[in-house]
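Topology and contacts: notes
Spelled out, the chains give:
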Amino acid sequence: MAAHEQESPWVVDTRELVRRPGAMRELSLSVTAPERIGTDVVAVQAGQPVELDLRLESVVEGILATGTVTTTASGVCVRCLDDVELELEVGVQELFAYPERAAHHHKVASPASRKGGGKDTETDEDEQHVLDGDLMDLEEVVRDAVVTALPFQPVCRDDCPGLCPECGARLADDPDHHHDVIDPRWSALAAMATPTDDDEKRN
Ligand SMILES: [Zn+2]
Ligand SMILES: [Zn+2]
């Protein structure tokens, strides 16, 4: 039935837990990220291993997944443009509901969405994970966890001094780096005060 979904590395078979409240299983899964997860500045790159350590608990509403997502993101320091690697260990807890529980949730939510623009309801639906038969698709859970944990402005280290605004040199390599900058206003005055070759010729 859900053959194409079974091909996804994020899909887990929970057959032995479905409809058995109280049953529990530990799940350790190592997935090679099939595509990039993140933002323009920092992301878990495609091909990066993502480790999932989850406890799956069968509850009345569905299956509750609790645990951690561990992986490495990479990007560029926003100050000095050096490559940055970030170890991520993100806690997750998500309920994967049985379809009829999810359908009930939608029914309750839909009248409000018709009245009030429906934006909040859309968010609710996005956050709701539903079991597809015995299958649990963890892709969205991992994606949300990783994106939430990524910094908006990655830095190579907290006190990264960045680049010289004059010449672009990396200040971390050369902390005493400076330029004898003459303010353009002062240089104009200096030119007036000092007779140049041209002035001397005219005289
Ligand atoms: Zn830096
Ligand atoms: Zn410089």
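Right, let's walk through the structure included here. (Residues numbered from 1 in each chain as written. Chains lettered and ligands numbered in written order. Predicted model: local features only at pLDDT ≥ 70, side-chain atom pairs only at ≥ 80, totals over all residues. Heavy atoms only, no water.)

1. Describing the pairing of strand β6 (residues 62-76)
Bridge analysis of strand β4 (residues 42-44) against β6 gives 2 bridges, and the strand direction is antiparallel. Across the sheet, residue V42 finds its bridge partner in β6, namely G75. Connecting strand β5 (residues 49-58) to the antiparallel partner β6 that follows it, the hairpin turn spans 3 residues. One ladder, built from 15 bridges, connects β6 with strand β7 (residues 83-97); its direction is antiparallel. By the bridge assignment, V76 is partnered in β7 with D83. Following β6, the chain reverses through 6 residues before pairing antiparallel with β7; L81 in that reversal takes a positive phi of roughly 65°. (Pairing = 2+ DSSP bridges. Helix = DSSP H or I, 4+ residues; strand = E, 2+ residues; numbered from the N terminus.)

2. A word on the coordination of the zinc ion (ligand 1)
Donor atoms from the polypeptide that bind the zinc ion (ligand 1) are C77 (SG), C80 (SG), C156 (SG) and C160 (SG), placed at 2.3 Å. Taken together, the 4 donor atoms surrounding the zinc ion (ligand 1) define angles of 105 to 117° at the centre, an arrangement classified as tetrahedral. Mapped onto the sequence, the residues coordinating the zinc ion (ligand 1) show the spacing C-x2-C-x75-C-x3-C. Here C77 is found in the loop between β6 and β7, whereas its partner C156 is found in the loop between α4 (139-149) and α5 (184-193), with 79 residues between them in sequence. Residue classification places C77 among the buried residues on the basis of a relative accessible area of 0%. (Donors = N, O, S within 2.8 Å, 3.2 Å for Na, K, Ca; no water. Tetrahedral: all angles 85-135°; square planar, octahedral: opposite > 155°, others 65-115°. Buried < 20%, exposed > 50% of the residue type's maximum accessible area, 1.4 Å probe, protein only.)

3. Re α4
Within the sequence span of α4, burial applies to V141, V142, A145 and V146. In a view along the axis of α4, the buried residues occupy a sector of 120°, so they form one face of it. In the core, the buried residues of α4 are packed alongside β3 (37-38), β4, β5, β6, β7 and β8 (129-130). (Arc of directions from axis to C-beta. Contact = heavy atoms within 4.5 Å.)

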